[in-house]
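Reading the structure
For reference, the chains in residue letters:
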Amino acid sequence: MADNSFSDGVPSDSVEAAKNATDTEKLTDQVMQNPRVLAALQERLDSVPHTPSSYIETLPKAVKRRINALKQLQVRCAHIEAKFYEEVHDLERKYAALYQPLFDKRREFITGDVEPTDAESEWHSENEEEEKLAGDVKNKVVITEKEAATAEEPNPKGIPEFWFTIFRNVDMLSELVQEYDEPILKHLQDIKVKFSDPGQPMSFVLEFHFEPNDYFTNSVLTKTYKMKSEPDKADPFSFEGPEIVDCDGCTIDWKKGKNVTVKTIKKKQKHKGRGTVRTITKQVPNESFFNFFSPLKASGDGESLDEDSEFTLASDFEIGHFFRERIVPRAVLYFTGEAVEDDDNELEGDEEGEDEDDMEINPKVGNFGATQTSSLCCTVRFLKTFPTLRQ
């Protein structure tokens, strides 16, 4: 008697299961094309609270399957976007080399090593005609006094305290500067941005160039910002472009007694046995802009930072980004205050179009989120990097 449990070597149960699956899919497609079924489904959906997750849960398995396919496509898009930003970084590096000769000449004018020509010094302001008319009237009245004043007018070398003035003009920076930092910052001659070399992990370095001074022996202080420009395997949909993920400072070789990042305190200590009291001195950390070169390290061992540390690190990332995107490229406008006024106007415009109820910026974060500068290649997203700051 023949065994009917197999057909062409395939178990009959498997053949039957495959047939049932095919029939089920056909039936599902037919049902989904039935207007009455779709209307009933829509009525059911309308009765469900309209949150994205609850809506997705109500969808048929066939629709969920297609949504999963869309997510696969989205992940592939994120990886293509990462490649795009890598090429943008290469383009930034290329144009940085074109900017640098202009920035070098800027430094020469600031330090007084080179005097600009009459053609280089010519600048037409928006109110030039009004200023000219007012000047002509004034000259007719006080021409003699003006000639005397011109003869006695001082002519300092270069543009004194150029970078220090920028620090004072920009709130984000002035808040970091203590009174004892000021005489040191007056020796700052230049700030440069250096991009990582081709083939190296994406990063940029801020270089602070100082003239010889009485405080430290370094001629250059550096701050390196490391960036990530690839989708996170655990959360690929969060990718929105490169973000700063860590930073390294440098060692400042302070001259004896000149380290403003520490202060010496005296403390009385009582001996437990003899009861005698002695005075000891010890050094403790001191607030200073120069702590900028000794940053916190982002946790890389899986342990989370506390909220204060997260805020400190996020603020550091924001300041580094601001130096790179605003201060260095537009230094003269921050010196004159014109860029500061533009930033204030942008902030006011953002605030006018945003209700208080819509603001999701933690009060401790202050204006960092509101004034955050977006650039094509580097947008600092510290609220995303540090989730606790969203709460």
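As the structure is a prediction and not an experimental result, all values here were calculated from the model.

Definitions and cut-offs
- Residues numbered from 1 in each chain as written.
- Predicted model: local features only at pLDDT ≥ 70, side-chain atom pairs only at ≥ 80, totals over all residues.
- Heavy atoms only, no water.
- Helix = DSSP H or I, 4+ residues; strand = E, 2+ residues; numbered from the N terminus.
- Expected span 1.5 Å × (residues − 1).
- Polar contact = N/O pair within 3.5 Å; in protein donor to acceptor, adjacent residues only side chain to side chain.
- 1 Å grid on protein atoms, 1.4 Å probe; cavity = no way out; pocket = protein on both sides within 12 Å on 5 of 7 lines; lining within 4 Å.
- Points joined across faces, edges and corners; volume = space filled by probe spheres on them.
- Nonpolar A, V, L, I, M, F, W, Y, C, P; charged D, E, K, R; others polar.
- Buried < 20%, exposed > 50% of the residue type's maximum accessible area, 1.4 Å probe, protein only.
- Pairing = 2+ DSSP bridges.
- Contact = heavy atoms within 4.5 Å.
- Core = buried A, V, L, I, M, F, W, Y, C linked by side-chain atoms within 4.5 Å.
- Salt bridge = Lys/Arg side-chain N within 4 Å of Asp/Glu carboxyl O.
- Axes fitted to C-alpha atoms, helices over the stretch in contact; angles between N-to-C directions.
- Patch = residues over 30% accessible without salt bridge, like charges linked within 9 Å, V, L, I, M, F, W, Y side chains within 5 Å.
- Areas by Shrake-Rupley, 256 points an atom, 1.4 Å probe, with all protein chains shown as cover.
- Phe/Tyr/Trp six-rings, centres within 6.5 Å; stacked < 30°, edge-to-face > 60°.
- Lys NZ or Arg CZ within 6 Å of the ring centre and 35° of its normal.

Let's talk about helix H10 (residues 307-327)
Along its 21 residues, H10 runs 28 Å from first to last C-alpha, staying within 8% of the 30 Å computed at 1.5 Å per residue. Sitting at the amino-terminal end of H10 is aspartate 306, which places a side-chain oxygen 3.1 Å from the backbone nitrogen of aspartate 308.

Thoughts on the layout of surface pockets
The calculated volume of the second largest pocket comes to roughly 940 Å³. If you trace the second largest pocket, you find 30 residues lining it, with Glu120, Trp123, Val332, Leu333 and Thr336 closest to the centre. Residue assignment for the lining of the second largest pocket shows that the elements contributing at least two residues are helix H4 (61-111), helix H5 (118-121) and helix H11 (331-336). Among the elements that make up the lining of the second largest pocket, the one with the highest residue count is H4 (seven residues). Grouping the constituent residues of the lining of the second largest pocket by class yields 15 nonpolar, seven polar and eight charged.

Thoughts on the pairing of strand E4 (residues 203-210)
Looking along a regular strand, one sees side chains alternate from face to face of the sheet. Extensive coverage of E4 is indicated by the burial of eight of its eight residues. Burial along E4 is two-sided: the residues Ser203, Val205, Glu207 and His209 and Phe204, Leu206, Phe208 and Phe210 are all buried. One ladder, built from seven bridges, connects strand E3 (residues 188-195) with E4; its direction is antiparallel. Residue pairing across strands places valine 193 opposite leucine 206, the latter belonging to E4. Of the strand pairs in this sheet, E4 and strand E5 (residues 220-228) are connected by seven bridges, and their pairing is antiparallel. For leucine 206, the partnering residue across the bridge sits in E5 and is lysine 223.

Points about the pairing of strand E8 (residues 277-285)
Note that strand E7 (residues 262-270) and E8 share nine bridges and pair antiparallel. Note on E8: the bridge partner recorded for threonine 264 is glutamine 283. Linking two consecutive strands that pair antiparallel, namely E7 and E8, is a turn of six residues; a positive phi of about 80° is found at glycine 275 within it.

Re helix H7 (residues 162-169)
In an α-helix, one turn spans 3.6 residues; hence positions three or four apart end up facing the same way. The element H7 is largely enclosed, with a buried count of six among its eight residues. Where H7 is concerned, the buried positions are Phe162, Trp163, Phe164, Thr165, Ile166 and Phe167.

Section: the side chain of aspartate 316
Considering the arrangement of structural elements, one finds aspartate 316 in helix H10. Aspartate 316 has contacts with Lys223, Tyr225, Cys247, Phe292 and Pro295, leaving out every residue within four places of it along the chain.

Comments concerning the nonpolar core
Within the largest apolar cluster, 48 residues are counted, with the highest numbers of intra-cluster contacts made by Phe167, Phe208, Phe290 and Phe323. The element best represented in this core is H10, accounting for six residues. Excluding residues that lie within four positions of it along the chain, phenylalanine 167 makes contacts with Leu173, Ser174, Val177, Leu185, Leu188, Ile191, Phe208, Phe289 and Phe323.

A short note on the pattern of salt bridges
Throughout the structure, instances matching the rule amount to twelve salt bridges. Put simply, arginine 93 and aspartate 90 hold a salt bridge, and the shortest N to O gap is 2.8 Å. In this pair, arginine 93 and aspartate 90 both sit in helix H4, three residues apart, roughly one turn of the helix. The class of arginine 93 is buried, set by a relative accessible area of 18%. Here the residues in one salt-bridge network are Lys226, Asp246, Asp248 and Lys297, joined through shared partners.

Things to note about the sheet that holds E4
Strand order in the open sheet formed by four strands is E3-E4-E5-E6, and the pairing between neighbours is antiparallel. Of all the strands in the sheet, just E3 and strand E6 (243-248) have a single pairing partner and so form its edges. Strand-to-strand, the axes of this sheet are offset by a mean angle of 20°, without reference to chain direction. Where H7 meets the sheet, it contacts E3 and E4, and its direction lies at approximately 75° from that of E3.

Some points on a nonpolar patch on the surface
On the surface, a nonpolar cluster with roughly 430 Å² of combined accessible area is contributed by Leu91, Tyr95, Leu98 and Tyr99. Mapped onto the elements, tyrosine 99 comes out in helix H4.

Focus: unusual backbone geometry
Glycine aside, residues mostly have negative phi, and peptide bonds are mostly found in the trans state. Even without glycine at this site, glutamate 161 takes up a positive phi of about 55°. A relative accessible area of 32% means that glutamate 161 is categorised as partly exposed.

Side note on the packing of aromatic side chains
Inspection of every chain in the model, using the stated rule, returns 24 aromatic pairs. Relative to phenylalanine 323, the ring of phenylalanine 167 has its centre 6.0 Å away and its plane inclined at 50°; by these criteria the two rings are tilted. Residue phenylalanine 167 is located in helix H7, and its partner phenylalanine 323 is located in helix H10; the two are separated by 156 residues in the primary sequence. With respect to burial, phenylalanine 167 and phenylalanine 323 carry one shared label: buried. Between tryptophan 254 and phenylalanine 290, the ring centres sit 5.8 Å apart and the planes meet at 80°, which makes this aromatic pair edge-to-face. In this pair, tryptophan 254 is assigned in the loop between E6 and E7 and phenylalanine 290 in the loop between E8 and H10, connecting sequence segments 36 residues apart. Like tryptophan 254, the residue phenylalanine 290 is buried in the burial classification. Chaining the aromatic ring pairs together yields one cluster made of Phe167, Phe208, Phe210, Phe216, Trp254, Phe289, Phe290, Phe292, Phe293 and Phe323. The positively charged end of lysine 223 is found above the aromatic ring belonging to phenylalanine 292, 3.4 Å away from the centroid. Geometry around phenylalanine 204 places arginine 324 over its ring, the cationic atom sitting 4.8 Å from the centre.

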